[in-house]
Amino acid sequence: GESVGLHLPTLSVQEGDNSIINCAYSNSASDYFIWYKQESGKGPQFIIDIRSNMDKRQGQRVTVLLNKTVKHLSLQIAATQPGDSAVYFCAATNTGNQFYFGTGTSLTVIP
Amino acid sequence: DVKVTQSSRYLVKRTGEKVFLECVQDMDHENMFWYRQDPGLGLRLIYFSYDVKMKEKGDIPEGYSVSREKKERFSLILESASTNQTSMYLCASRKRALGETQYFGPGTRLLVL
């Protein structure tokens, strides 16, 4: 199977600073990873994904880094804004049928 | 845009009641999923379906059943609700292809008294 965990349950950052949220997975066969953002009272929203044949992928203000050697991925948010306050969690899969989710890091942006 | 909708945002039921949670997606996705989300436990897979009338048990299927009679609709059934089924229920769908992500509905917060 797979287990996915996040390193910090909570993270507070100043508005305008960069945020880094970390995630570790256990199954070396996992080949597809996703970061989700979940705002209070809402369902998870896709942010960015990465396949195992890549080690970095960039989106708008977000970057995901994948280190397969240590089975670790991170989400970097540039110039964090108040609207970025939410719970962020990662997911891993190697079949596409079963996704394994971390428990989430709650990001608070301080104005 | 992918749209996944769930029939209710909030539900309050009594112990022993039969509960139906419905999920509809409009993107012709083959795969659909039901999760429950509890504090400190993350998302746990209850059931998933990879095609009409097909279903597979996830990690915690006990006390639940599902129905997929049409491609766009995936229903979760609690045959006899219990208080330990109080939770946030999330439906998701995805296209059945490598590297395709899951898209989630808004969730149903169920309280069983």
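The rules we used
Residues numbered from 1 in each chain as written. Chains lettered and ligands numbered in written order. Predicted model: local features only at pLDDT ≥ 70, side-chain atom pairs only at ≥ 80, totals over all residues. Heavy atoms only, no water. Helix = DSSP H or I, 4+ residues; strand = E, 2+ residues; numbered from the N terminus. Rg over C-alpha atoms; globule rule 2.2 N^0.38 Å. Contact = heavy atoms within 4.5 Å. Areas by Shrake-Rupley, 256 points an atom, 1.4 Å probe, with all protein chains shown as cover. Lys, Arg positive; Asp, Glu negative; His and termini not counted. Charge placed at Lys NZ, Arg CZ, Asp CG, Glu CD. Pairing = 2+ DSSP bridges. Axes fitted to C-alpha atoms, helices over the stretch in contact; angles between N-to-C directions. Buried < 20%, exposed > 50% of the residue type's maximum accessible area, 1.4 Å probe, protein only. Buried area = accessible area lost by both parts, 1.4 Å probe. Salt bridge = Lys/Arg side-chain N within 4 Å of Asp/Glu carboxyl O. Polar contact = N/O pair within 3.5 Å; in protein donor to acceptor, adjacent residues only side chain to side chain. Nonpolar A, V, L, I, M, F, W, Y, C, P; charged D, E, K, R; others polar. Core = buried A, V, L, I, M, F, W, Y, C linked by side-chain atoms within 4.5 Å. pLDDT = per-residue confidence, 0-100.

(A) Layout of the overall build of chain B. Helices and strands together make up the secondary structure of chain B, namely 0 helices and 11 strands. Counting from the amino terminus, helix and strand elements in chain B follow one another as β-β-β-β-β-β-β-β-β-β-β. Expected size for 113 residues packed as a compact globule is a radius of gyration near 13 Å; at 13 Å, chain B falls within 12% of this value. Overall size of chain B, expressed as C-alpha extent along the three principal axes, is 40 × 30 × 25 Å. Counted over contacts in chain B with a minimum sequence separation of 6, partners at least 24 positions apart contribute 55%. Accessible area for chain B stands at about 5,500 Å²; split by element, carbon and sulfur atoms hold 50% of it. Averaging the positions of the 18 positive and the 15 negative side-chain charges in chain B gives two centres separated by 4 Å.

(B) Structural view of the sheet that holds strand E7 (residues 64–70) of chain B. All names here are of chain B. Spatial ordering of the open sheet is given by E1-E3-E8-E7, a layout of 4 strands whose pairing is antiparallel. The open sheet is flanked by strand E1 (4–6) and E7, the only strands paired with a single partner. On average, each strand axis in the sheet is tilted by 20° relative to the strand beside it, whichever way the strands run. Two strands pair when backbone bridges link them, and strand E3 (residues 19–25) and strand E8 (residues 73–78) are joined in this way by 6 bridges, in the antiparallel orientation. Bridge pairing links valine 19 to leucine 78 in E8.

(C) Molecular detail of the pairing of strand E11 (residues 105–110) of chain A. All names here are of chain A. Across the two faces of E11 the burial differs, with Thr105, Leu107 and Val109 buried and Ser106, Thr108 and Ile110 not buried at all. By the bridge criterion, 3 bridges tie strand E9 (residues 86–93) to E11 in an arrangement that is antiparallel. The partner of alanine 86 across the bridge, within E11, is leucine 107.

(D) Structural context of the environment of cysteine 23 of chain B. Residues and elements named next belong to chain B. Secondary-structure assignment places cysteine 23 in strand E3. Remark: the alpha-carbon pair of cysteine 23 and leucine 90, spanning 67 residues in sequence, is separated by 9.0 Å. Every residue in contact with cysteine 23, bar those within four places of it in the chain, is listed here: Val4, Thr5, Met32, Trp34, Glu72, Arg73, Phe74 and Cys91.

(E) Just the interface of chain A and chain B, in detail. If you look at the interface, chain A gives 20 residues, while chain B gives 23 residues. Counting the surface lost from both chain A and chain B, the interface buries some 1,600 Å², and carbon and sulfur atoms represent 53% of this. Our enumeration of links across chain A and chain B arrives at 0 salt bridges. Where chain A meets chain B, there are 7 residue pairs in polar contact (both at pLDDT 80 or more). Among the elements of the structure, strand E4 (32–38), strand E5 (45–51) and strand E10 (100–101) of chain A are those that each provide at least two residues to the side of chain A that touches chain B. With 4 residues, E4 of chain A is the single largest residue contributor to the side of chain A that touches chain B. By residue class, the composition of the side of chain A that touches chain B is 9 nonpolar, 8 polar and 3 charged.

(F) Spatial organisation of the nonpolar core. Within the largest apolar cluster, 22 residues are counted, with the highest numbers of intra-cluster contacts made by Phe33, Trp35, Leu73, Leu75, Tyr88 and Leu107 of chain A. Broken down by secondary-structure element, the contributors of at least two residues to this core are strand E2 (10–14), strand E3 (19–25), E4, E5, strand E7 (62–67), strand E8 (72–77), E9 and E11 of chain A. Leu21, Met32, Leu76 and Leu78 of chain B belong to the second largest nonpolar core, which has 20 residues in total.

(G) Here's a closer look at the confidence of the model for chain B. For chain B, the mean per-residue pLDDT works out to 94, and 98% of the residues sit at or above 70. By mean pLDDT, the top-scoring element of chain B is E8 of chain B (98), and the lowest-scoring one is strand E5 (residues 42–49) of chain B (92).

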